[in-house]
Each structure stands twice: as structure tokens, then as C-alpha cells.
Amino acid sequence: MAQHFLLSSAARTLSLRAIYKAGEEKAYETFKAIRWASTNGKAVCPRCGCVDTYEITTRRRFKCAACHHQFSVTSGTIFHSRKMGFVDLLAAIALFVNAVKGVSALQMSRDLDCQYKTAFVLCHKLREAMANETAGFTLDGEVEIDGAYFGGHVKPENRKEDRKDRRLKEHQTGTRRVVIALRERAGRTLTFVRNFEHEGVELAKQMVADGAKMFADEATHWDVLNAFFPVDRINHSEAYSDFNGKHTNWVESYFSRLRRMVRGQHHGVSHKYLHQYAANAAWCEDHRRRDNGANAFALVGNAVLSPVSRSWCGYWQRRP
């Protein structure tokens, strides 16, 4: 029997030992090479695009010869105003991509020996960079759609006579949300957080190309899809798949990963940030057969191509 890819040495091309052994300077050169790949690591002014720059070596900054703007390798990126060293940033990214079902900020803070606040914001910046990879992406071919609800758990009272009907709106928390996933078979996964699953119909009309074939379960709100796409349905009370290729196993595989991430690693996720955890799980699911070194450097590329995070830059300074 052939060995699974993830068990092979080919899946392990980057280690924390190698990152720290190479040192801070090598990590810095790695960030330069990835951000300015088109110029082989030579700095390009982010303000005017001029390649005529010189380096202020004592401060690891650059100055543009045309507009005199000073900048660093992380200026204008999602790591803008970072204080963490480059070797620690690279190690954090390696830890993040190795944790295929997510890593908690508390665990990250212990691994990197940094404050919880630092790890919390860093992890969310990396999730934002992951989400940016599929910004404006359109699915085609065979596309599966489904939704799964997260959050809003109400703990029942101890005594039976004190328990309330948690199905009633007045006994709910108002924080329950549905993650709607559209997944192209052998392709990418797009995720959205909404209040109700039927909102996925409008999302499919926007994010799926004309002529694509849709696959869904027997939930009645998916009936509307027939007006826009050829649709195959599978009744899960009878079977999870049939011999004609009718199933939603690809999107269910994604939800399996997300549930284990939320329940097993984070033990609960705020509805305000659920969209980022959903994007994190989608990225891990889409790139599950790529070696960890390629995943790490791809995430570095996403991060240095992402603009300054309006949500997470200065997050703790804005907190009351």
C-alpha cells in the first residue's frame, strides 16, 4: 500500500530547528526575497514604485532616491509596525501552517515566549492574509454548497424543572451564526458567515460562474438554485453519496475540519471573528496536500502582499 503524502518526508520541508539555526539575518533576507521577488530581493519604494533605493543598514530601512520616502520590508503590509523579530515571525508562520486544525493564541504565546495579546493579533493577521488569497475568486466546474451553524450555545440548567426550551428565540443568545461554504471539487473553498443558511443562494449567484454545476443536500432553500444552475441533490437520510457522483463530501470534509478547529483547539469562537477562523480552515483544507515549507512561504507571500490590517493594526490600543 502506498504511503500517504502527509506521512512522507516530502511533506516536511521546513522545521523550527532550521529556521532558528539559520538565524535572524537569513529570515530577514527571506522576507525581502518574497516581498520583492520581481527584483530578486532589491527594495522597491511602496509609495512611488521606484527601484532606485539605498539601505540604511543600522535600522534595516530603505530610502527612496526619488521621493525620499523611508520604508522597511514590512511597511504597508499586514505586518506594518511589527516589533517581533523576523526569525520569530517566520517561526510563527511555520507553527501556524503546521497546525492543520488551527493553533490557539495561548499555545502560540507559549511557543514563541511572547504576550498573549501579541500572539492573538498575529494569528488573526495571518488568518486575514489567508482570506485575501481568494478575494474576488470565482468558482467553476462542479461546485458543492452547504452550511453549518456555530456558536450560540446555551448551557441547560441543572434541575429539569428549571430548564427552558432553547429552541425559542427569547432563550437564545443571538450569537449563533451559519458558515456557508462553496467548494469547487478539486479546487478552492469560499466561506461566508451569515445569519441564515438560505442566504447562500445569493452568494452562489455572485461567486459561481454561469454554467457551473451545483451540488446540494435536500434542504428546501436550495430549490431556488435550479433557476440559475444545473443542480444535483443528495438526500442524506438515504445516502451520503451515490454512484452518479451526487454528494457533498468535499464541502462536508471542510466542515469536519472547521468543527474540529473550533471545538478541539479554540473551544468556542466569537461570532465577530468566526469568518476568519472559517477562512483559516478553508486555506488549510485547500492546501492539505502541499508540503509545509511551501505553505509557510506562500503565507509569507500573502502577508507581504496584503495591505495594513484595518481590523488588527493597533487592535489593543483601541480596546476600552
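Residues numbered from 1 in each chain as written. Predicted model: local features only at pLDDT ≥ 70, side-chain atom pairs only at ≥ 80, totals over all residues. Heavy atoms only, no water.

Moving on, we come to the overall build of the protein. The helix and strand inventory of the protein stands at nine helices and eight strands. Taking all 320 residues of the protein together, 47% fall into the buried category. Of the contacts formed within the protein by residues at least 6 apart in sequence, a portion of 62% connects residues at least 24 apart. For the protein, the accessible area works out to roughly 17,400 Å², and carbon and sulfur atoms hold 50% of it. For the protein, the distance from the average position of its 48 positive side-chain charges to the average position of its 34 negative side-chain charges is 9 Å. (Helix = DSSP H or I, 4+ residues; strand = E, 2+ residues; numbered from the N terminus. Buried < 20%, exposed > 50% of the residue type's maximum accessible area, 1.4 Å probe, protein only. Contact = heavy atoms within 4.5 Å. Areas by Shrake-Rupley, 256 points an atom, 1.4 Å probe, with all protein chains shown as cover. Lys, Arg positive; Asp, Glu negative; His and termini not counted. Charge placed at Lys NZ, Arg CZ, Asp CG, Glu CD.)

What follows concerns the sheet that holds strand β3 (residues 70-71). Ordered by their spatial adjacency, three strands build an open sheet running β1-β2-β3, and the pairing between neighbours is antiparallel. Of all the strands in the sheet, just β1 (53-56) and β3 have a single pairing partner and so form its edges. Examined bridge by bridge, strand β2 (residues 61-64) and β3 share two bridges and lie antiparallel to one another. Following the sheet pairing, Phe 62 is matched in β3 by Phe 71. (Pairing = 2+ DSSP bridges.)

Next up on the list: the environment of Thr 173. In this fold, Thr 173 is placed in the loop between β4 (142-150) and β5 (177-184). Separated by 116 residues in the primary sequence, Thr 173 and Thr 57 have C-alpha atoms spaced 54 Å apart. Once residues within four sequence positions are removed from consideration, Thr 173 is found in contact with Gly 152, His 153 and Val 154. Here the side chain of Thr 173 touches Thr 175 through a polar contact of 2.8 Å, side chain to side chain. (Polar contact = N/O pair within 3.5 Å; in protein donor to acceptor, adjacent residues only side chain to side chain.)

Turning to the UniProt feature "domain: ISXO2-like transposase" (unreviewed entry) in the protein, a few remarks are in order. Here, UniProt's "domain: ISXO2-like transposase" (unreviewed entry) annotation points to residues 138-291. With 25% helix and 21% strand, residues 138-291 has its two end C-alpha atoms placed 25 Å apart. (UniProt positions renumbered as here; feature names shortened; annotations may be inferred.)

Once that is clear, we can look at the pairing of β5. On a regular strand, one side chain projects to one face of the sheet and the next to the other, so that they alternate. With respect to burial, β5 is a largely interior element, eight of its eight residues being buried. In terms of strand pairing, β4 meets β5 through eight bridges, oriented antiparallel. Within β5, the position partnered with Phe 150 by the bridge is Arg 177. Pairing analysis gives six bridges linking β5 to strand β6 (residues 189-194), with the strands arranged antiparallel. Its bridge partner being in β6, Val 179 is matched across the sheet by Val 193. Between β5 and β6, which pair antiparallel in sequence order, lie four residues; one of them, Ala 186, sits at a positive phi of approximately 60°.

Further remarks concern helix α7 (residues 274-286). Residues separated by three or four positions in an α-helix point in the same direction, a consequence of the helix having 3.6 residues per turn. With 13 residues, α7 extends 18 Å from end C-alpha to end C-alpha; this agrees with the ideal 18 Å at 1.5 Å per step. Within α7, twelve of the 13 residues are buried, leaving the element largely enclosed by the surrounding structure. (Expected span 1.5 Å × (residues − 1).)

Moving on, we get to unusual backbone geometry. With a phi close to 65°, Ser 81 is a non-glycine residue in the positive phi region. Position of Ser 81 relative to the elements: it lies in the loop between β3 and α2 (86-98). Even without glycine at this site, Ala 186 takes up a positive phi of about 60°.

Between α2 and helix α4 (residues 116-132), the least distance of the axes is 11 Å, while the angle of their chain directions is 65°. The angle between α2 and α4 places the two elements in the roughly perpendicular class. The handedness of the crossing between α2 and α4 comes out as right-handed. Note on element contacts: α4 touches α2 through Leu 122, Cys 123, Leu 126, Arg 127 and Met 130, opposite Leu 89, Ala 92, Ile 93 and Phe 96. Grouping the constituent residues of the contact of α2 with α4 by class yields eight nonpolar, no polar and one charged. (Axes fitted to C-alpha atoms, helices over the stretch in contact; angles between N-to-C directions. Parallel < 35°, antiparallel > 145°, perpendicular 65-115°, else oblique. Left-handed = near helix turned anticlockwise from the far one by under 90°. Nonpolar A, V, L, I, M, F, W, Y, C, P; charged D, E, K, R; others polar.)

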